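Secondary and tertiary structure notes
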Amino acid sequence: MNIRKTTLRAIIGAGLMALSVNAFASEGAELKHKHFSFEGLFGTYDKAAGQRGFQVFKEVCSGCHSMTLVPIRALGEEGGPFYDEKHPNPIDNPVIKAIAKDFTITDGPNSDGDMFERPGKPSDYFPAPFANEQAARASNGGALPPDFSLLVRAREHGPQYIYSLLTSFEDEAPEGVELRDGMNYNPVFAGGQIGMPPPLFEGSVEYSDGTPATVEQMASDVVTFMAWAADPKMEVRKRTGWMVMIYLFIFALLMYGSYKAVWRDVEH
Ligand code: HEC
């Protein structure tokens, strides 16, 4: 009897735990199922999307978010959104030079001990919008805009999560949800309240390739750009992986052939 009771308790306990885990899983809103070109075994970055995404990052997100681990020249390296076969070394790529020049870099100290500003060079890293974390928080109502360098990899289902986050802001919180001061309602963000104001509006940027700048389009482009930044060697890595597989396959055929040849006249 006692044993049965214990077993029953264990079963009920396990059932309750499973329920609570489920409740936790369904807390955040469901992510949108968006497929990106860079997913899957053969996936590559859509270059045009990466270029547009860079524009969105530069004109909108970089006002608050840094991307300090990525050098500007990476944009023009193999696999990068501005890679040009004619200039395999990005330092010679006029597009990369022009992009770099457009950034203002704080350098120094000079011989007088002062910091000074100068136009960027391809070898510089993307400059951060704030001098330090405290300044970033002070400008954002206490919330810290995370660095973009690895953000796609730091979040579960990174591309889908960030795409959904950017496209799920709501003007008003549903009834019963009390928004704290300076917070914005976004069901995709854990807890539903985020310190980031909706960054994208129809036409936030004007694309030079004529693509209409809808919120979904800009979100998808900037996610492609951020995914590249977080894994710039992906294309090269996948290609190497396939070469190795093909090599191993041919090697296996050769080995099988030689095994057959060697043992042909031997009784075994
Ligand atoms: C006005 C400043 C501002 C702008 C512009 C801005 N953000 Fe943010 N962002 C923030 C702040 C602040 C946070 C931290 C929010 C928090 O922790 O509540 C944040 C957080 C995020 C997060 C992290 C969410 C998480 O799970 O932690 C992502 C992703 C993000 N922003 C993407 C973007 C993208 C993409 C753009 C450009 C299209 C952008 N942001 C533009 C201020 C900004």
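Right above here is the structure, for reference.
Note that the structure is predicted; figures quoted are calculated from it, not measured.

**Thoughts on the packing of aromatic side chains**
According to the stated counting rule, one finds 14 aromatic pairs in the structure shown. Between Tyr-247 and Phe-251 the ring centres are 6.0 Å apart and the planes differ by 15 degrees, which places this aromatic pair in the stacked class. One end of the pair is Tyr-247 and the other is Phe-251, both in helix α8 (residues 234-262) and 4 residues apart, which spans about a single turn. Residue class for Tyr-247 comes out exposed when judged on its relative accessible area of 53%. For Phe-251, a relative accessible area of 40% corresponds to the partly exposed category. Counting every residue linked through ring pairs, the aromatic cluster contains Phe-54, Phe-57, Phe-82, Phe-103, Phe-126, Phe-148, Phe-225 and Trp-228.

**Overview of the coordination of the iron atom of the ligand**
Coordination of the iron atom of the ligand by the protein comes from His-65 (NE2) and Met-196 (SD), over a distance range of 2.0 to 2.1 Å. Considering all 6 donor atoms around the iron atom of the ligand, the spread of angles at the metal, 85 to 178 degrees, places the coordination shape in the octahedral class. Of this pair, His-65 sits in the loop between α2 (47-59) and α3 (94-101) while Met-196 sits in the loop between β4 (193-194) and α7 (215-230), and the two are 131 residues apart along the sequence.

**Details of the pattern of salt bridges**
Applying the stated criterion across every chain, the model contains 11 salt bridges. We note a salt bridge from Asp-124 to Arg-118, for which the minimum N-O separation is 2.9 Å. For the pair Asp-124 and Arg-118, a shared accessibility class is recorded, and that class is buried. The salt bridge partner of Arg-153 is Asp-231, with a shortest N-O separation of 3.9 Å. Of this pair, Arg-153 sits in helix α5 (residues 151-154) while Asp-231 sits in the loop between α7 and α8, placing them 78 residues apart in sequence.

How each quantity is defined
- Residues numbered from 1 in each chain as written.
- Predicted model: local features only at pLDDT ≥ 70, side-chain atom pairs only at ≥ 80, totals over all residues.
- Heavy atoms only, no water.
- Phe/Tyr/Trp six-rings, centres within 6.5 Å; stacked < 30°, edge-to-face > 60°.
- Helix = DSSP H or I, 4+ residues; strand = E, 2+ residues; numbered from the N terminus.
- Buried < 20%, exposed > 50% of the residue type's maximum accessible area, 1.4 Å probe, protein only.
- Donors = N, O, S within 2.8 Å, 3.2 Å for Na, K, Ca; no water.
- Tetrahedral: all angles 85-135°; square planar, octahedral: opposite > 155°, others 65-115°.
- Salt bridge = Lys/Arg side-chain N within 4 Å of Asp/Glu carboxyl O.

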